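A closer look at the structure
Each chain is listed here by its residues.
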Amino acid sequence: MNYEEMLIERIESFVDVVESFVKVEHNIIHDSKFRTYFKKPDYDENIIILKDIKTLALEIDTDDITIPEDDQQSLDLEEKFERCLVMFNKLCDGFIELQEQLKQKATKANKLKITDYQELLKELQTTRNLMNSALQDFDTAYGEY
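Quick caveat, the model's predicted, so the values are computed rather than measured. (Residues numbered from 1 in each chain as written. Predicted model: local features only at pLDDT ≥ 70, side-chain atom pairs only at ≥ 80, totals over all residues. Heavy atoms only, no water.)

Another aspect to go through is the layout of surface pockets. The calculated volume of the second largest pocket comes to roughly 220 Å³. Lining the second largest pocket we find 13 residues, and of these Ile29, Phe95, Leu98, Leu121 and Leu124 sit closest to its centre. For the lining of the second largest pocket, the secondary-structure elements that each account for two or more residues are α1 (3–31), α3 (72–106) and α4 (114–144). Take the lining of the second largest pocket: its biggest share by element is 5 residues, from α4. When the residues that make up the lining of the second largest pocket are grouped by side-chain class, the tally is 8 nonpolar, 3 polar and 2 charged. (1 Å grid on protein atoms, 1.4 Å probe; cavity = no way out; pocket = protein on both sides within 12 Å on 5 of 7 lines; lining within 4 Å. Points joined across faces, edges and corners; volume = space filled by probe spheres on them. Helix = DSSP H or I, 4+ residues; strand = E, 2+ residues; numbered from the N terminus. Nonpolar A, V, L, I, M, F, W, Y, C, P; charged D, E, K, R; others polar.)

By the secondary structure assignment, Asp71 is in the loop between α2 (43–59) and α3. One buried charge, Asp71, has no salt-bridge partner; the nearest side chain with opposite charge is Lys80, at 13 Å. Reaching out from Asp71, the side chain makes a polar contact with the side chain of Tyr3 at a distance of 2.5 Å. The contacts of Asp71, once residues within four sequence positions are left out, are Tyr3 and Glu4. (Buried < 20%, exposed > 50% of the residue type's maximum accessible area, 1.4 Å probe, protein only. Lys, Arg positive; Asp, Glu negative; His and termini not counted. Salt bridge = Lys/Arg side-chain N within 4 Å of Asp/Glu carboxyl O. Polar contact = N/O pair within 3.5 Å; in protein donor to acceptor, adjacent residues only side chain to side chain. Contact = heavy atoms within 4.5 Å.)

We now examine the side chain of Thr127. Considering the arrangement of structural elements, one finds Thr127 in helix α4. On the accessibility criterion, Thr127 (9% relative accessible area) is buried. When residues no more than four places from it in sequence are discounted, the contact partners of Thr127 are Met87, Lys90 and Leu91.

On to the packing of α2 against α3, then. For the pair α2 and α3, interaxial distance at closest approach is 9 Å and the crossing angle is 165°. Taken together, the axes of α2 and α3 lie roughly antiparallel to each other. Here α2 and α3 pass one another in a crossing that is left-handed. Side by side, α2 and α3 meet where Tyr43, Asp44, Asn46, Ile47, Leu50, Lys51, Ile53, Lys54, Ala57 and Leu58 of the first sit next to Leu85, Phe88, Asn89, Cys92, Asp93, Phe95, Ile96, Gln99, Glu100, Leu102, Lys103 and Ala106 of the second. Broken down by class, the residue content of the contact of α2 with α3 amounts to 13 nonpolar, 3 polar and 6 charged. (Axes fitted to C-alpha atoms, helices over the stretch in contact; angles between N-to-C directions. Parallel < 35°, antiparallel > 145°, perpendicular 65-115°, else oblique. Left-handed = near helix turned anticlockwise from the far one by under 90°.)

The next thing to look at is α2. For α2, built from 17 residues, the straight-helix expectation of 24 Å at 1.5 Å per residue is met to within 8% by its first-to-last C-alpha distance of 24 Å. Of the positions making up α2, those classed as buried are Tyr43, Asn46, Ile47, Leu50, Ile53, Lys54 and Ala57. In an axial view of α2, the angular spread of the buried residues amounts to 130°, which keeps them on one side of the axis. Along α2, exposed side chains directed more than 90 degrees from the buried face belong to Ile48 and Glu59. Looking at the packing, one finds that the buried side of α2 touches α1 and α3. (Expected span 1.5 Å × (residues − 1). Arc of directions from axis to C-beta.)

Below, the discussion takes up the nonpolar core. With 36 residues, the main nonpolar core has Phe14, Phe21, Phe81 and Phe88 as its most contacted residues. Counting only elements with at least two residues in this core, the list comes to α1, α2, α3 and α4. When residues in this core are grouped by element, the largest group, 12 residues, is from α3. Beyond its immediate chain neighbours, meaning those up to four positions away, Phe81 contacts Leu7, Arg10, Ile11, Phe14, Ile60, Thr62 and Phe138. (Core = buried A, V, L, I, M, F, W, Y, C linked by side-chain atoms within 4.5 Å.)

Below, the structure is given as structure tokens:
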């Protein structure tokens, strides 16, 4: 398998991981809706799934792919792909932290002040925006590839 095929294979596996993340993200958002206010979210399950997804993303690596220095398009794609991986892992960390804080609040193990909650959401939104920007740059490069 040549370097281009290896790179595409890693990218496709990342797409699968992102699709899994989107599913759990939708569940978390659904659990946060007012109409489900009296339903107790399963924070433990969300945390486990998020950690599994993050582990899968961390296993995706391009270090073993040797791209010739004269193939600037592949090098650019790899760089943008790596940035997406970093941002995705940071996004997973943010969601895991949020779920852990909400779990502690629900079990009364720790009080979660509204200001702390708002700060978590603000950081998560910032990371989400950076991730979306990285994905957009990556998607453009991958489309041209």
